[in-house]
Amino acid sequence: MESVRLTEGAAAAVERDVLGKIRLTSSSNRNVSVQVTLVVLVALTVVTFLRMGYGTVDLVQATRQALADFWAMMAQPALDPPYGAGHFTWGTVLESAVITLAITAITTVISGIVSFFLALAASENLSSPAVSNVVKGVVAIIRSIPTILWVLVFTVAIGLGSEAAVLGISFHSIAYLTKSYSESFEEIDAGVIEALRASGASFWQVVFQAIVPATITKIISWTFIRLEINFTNAVAVGAFAGAGGIGFQLYQAGSRYYNLHEVGVIVYVCLVAAFVLEFVSVRLRRRYILND
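What you see is a predicted model; the values in this text were computed from it and never measured.

Cut-off values and rules
Residues numbered from 1 in each chain as written. Predicted model: local features only at pLDDT ≥ 70, side-chain atom pairs only at ≥ 80, totals over all residues. Heavy atoms only, no water. Helix = DSSP H or I, 4+ residues; strand = E, 2+ residues; numbered from the N terminus. Buried < 20%, exposed > 50% of the residue type's maximum accessible area, 1.4 Å probe, protein only. Contact = heavy atoms within 4.5 Å. Patch = residues over 30% accessible without salt bridge, like charges linked within 9 Å, V, L, I, M, F, W, Y side chains within 5 Å. Areas by Shrake-Rupley, 256 points an atom, 1.4 Å probe, with all protein chains shown as cover. Salt bridge = Lys/Arg side-chain N within 4 Å of Asp/Glu carboxyl O. Expected span 1.5 Å × (residues − 1). Arc of directions from axis to C-beta. Phe/Tyr/Trp six-rings, centres within 6.5 Å; stacked < 30°, edge-to-face > 60°. Lys NZ or Arg CZ within 6 Å of the ring centre and 35° of its normal. Axes fitted to C-alpha atoms, helices over the stretch in contact; angles between N-to-C directions. Parallel < 35°, antiparallel > 145°, perpendicular 65-115°, else oblique. Left-handed = near helix turned anticlockwise from the far one by under 90°. Nonpolar A, V, L, I, M, F, W, Y, C, P; charged D, E, K, R; others polar. Core = buried A, V, L, I, M, F, W, Y, C linked by side-chain atoms within 4.5 Å.

A. Structural context of the overall build of the chain. When you go through the chain residue by residue, the secondary structure sums to ten helices and two strands. Listing each helix as α and each strand as β along the chain from the N terminus yields β-β-α-α-α-α-α-α-α-α-α-α. The buried share of the chain, taken over its 292 residues, is 34%. Restricting the contact set of the chain to residue pairs at least 6 apart, pairs at least 24 apart contribute 69%.

Spelled out as structure tokens, the structure:
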């Protein structure tokens, strides 16, 4: 096979298509596109700051005050006097954190199970083109709407409470994981699937003997990524949906009691919870993925 030598000015991305041919794609056009995109984003940012109405606000004084507030929040966290005001106890804060983690776990489990079956229908190599396009179109529409709006919809439909938060977060999470899972399924070699079908394997035998073993690591990785996102969403919608949890206490401390020291405690609890989730996910990946 002749070797292909690439000049410095025209670096090429090499892909092998289904016919086994080598396809060379110049990266110069892509570099130009990236540069143009960055220039446009910078220009929009500069224009936004120049046209922003600051009114009579003294930016220097406002910056100093913001830094002072940040210092009070992060360097002097407290629930009790002299900094705190006793609005919360460590017991209520930790209980709220557990509620938020429970909402996170429930939404991730629900969305993971539902997304697996929807991803099978959305995969072009496992489903018909019509069904695949319909499922992909529906989840794309759902995914384009922010989680907070879905929580709003379910809050109006079923009222305030943790149920609205769970349904709203799960709805968007299902759309996210369906896309991620289906793309992983579509990367499976078509020859393996055809060989199993030719040998008389049923649809579910193909799924559990070819699809799942080949993509389990990606499924687990995507699920843990969504777990972390769901925790962030659960904190954000805790007050908005009336679901309680650590997000509701964060809202009370900052918007009702105006106590930055109590806000600092709650922020640190959120950081610890996020660290625990990351630690657990890393340990599970090392045990069940890297050592597989």
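B. Quick peek at the environment of Leu-101. Turning to its location among the elements, Leu-101 is positioned in helix H3 (residues 90–122). A sequence separation of 176 residues divides Leu-101 from Leu-277, and the C-alpha atoms of the two residues are 9.2 Å apart. Among residues more than four places away in sequence, those in contact with Leu-101 are Phe-231, Ala-273 and Leu-277.

C. Quick look at unusual backbone geometry. Across the junction of Pro-81 and Pro-82, the peptide omega takes the value 10°, indicating a cis bond. Structurally, the position occupied by Pro-82 is in the loop between helix H2 (59–75) and H3. The phi dihedral of Tyr-258 falls on the positive side, at around 55°, and the residue is not glycine. By secondary structure assignment, the location of Tyr-258 is in the loop between helix H9 (245–256) and helix H10 (260–290).

D. Quick look at a nonpolar patch on the surface. A contiguous nonpolar surface patch, about 890 Å² in accessible area, is contributed by Ile-106, Val-109, Ile-110, Ile-113, Val-114, Phe-117, Leu-118, Phe-203, Trp-204 and Phe-208. For the nonpolar patch, the secondary structure elements donating two or more residues are H3 and helix H8 (203–236). Mapped onto the fold, Val-109 is located in helix H3.

E. The arrangement of the pattern of salt bridges in detail. Enumeration according to the criterion identifies five salt bridges in this entry. Taking the shortest distance from any N to any O, the salt bridge between Lys-136 and Glu-124 comes out at 3.4 Å. Note that Lys-136 is positioned in helix H4 (residues 129–144) and Glu-124 in the loop between H3 and H4, a separation of twelve residues in sequence. A relative accessible area of 26% places Lys-136 in the partly exposed class.

F. Just H4, in detail. In a regular helix each residue adds 1.5 Å, so 16 residues correspond to 22 Å; H4 covers 22 Å between its end C-alpha atoms and thus fits that length. Along H4, the residues that are buried comprise Ser-132, Val-135, Val-139 and Ile-142. Down the axis of H4, the sector holding all buried residues measures 105°, keeping them to one side. Facing away from the buried side of H4, by more than 90 degrees, are the exposed residues Pro-129, Ala-130, Asn-133, Val-134, Ile-141 and Ser-144. Turning to H4, the residues buried within the fold contact H3, helix H5 (147–158) and helix H6 (162–186).

G. View of the packing of aromatic side chains. Across all of its chains, the model carries eleven aromatic pairs by this definition. With a centroid separation of 6.5 Å and 35° between ring planes, the pair formed by Phe-116 and Phe-208 is classed as tilted. Remark: Phe-208 occurs in helix H8 and Phe-116 occurs in helix H3; sequence separation between them is 92 residues. By the ring-pair criterion, three or more aromatic residues cluster together here, those being Phe-116, Phe-117, Phe-185, Phe-203, Trp-204 and Phe-208. Over the face of the ring belonging to Tyr-176 we find Arg-226, whose NZ or CZ atom lies 4.8 Å from the ring centre.

H. The arrangement of the packing of helix H7 (residues 190–198) against H8 in detail. The geometry of H7 relative to H8 is characterised by a closest axis approach of 10 Å and an angle of 150° between their N-to-C directions. Classified by the angle their axes make, H7 and H8 are roughly antiparallel. Seen along the crossing, H7 lies across H8 with a hand that is right-handed. Listed contacts from H8 to Val-192, Ile-193, Leu-196 and Arg-197 of H7 are Val-206, Gln-209, Ala-210 and Ile-211. Taken together, the residues of the contact of H7 with H8 break down into six nonpolar, one polar and one charged.

I. Representation of the nonpolar core. Ranked by internal contacts, the top residues of the largest apolar core, which has 19 residues, are Phe-88, Val-93, Ile-246 and Ile-266. Those elements giving two or more residues to this core turn out to be H2, H3, H8, H9 and H10. Among the elements that take part in this core, H10 stands out by supplying seven residues, more than any other. Counting residues in each nonpolar core, the second largest holds 17 residues, with Leu-126, Leu-177, Val-207 and Ile-219 among its members.

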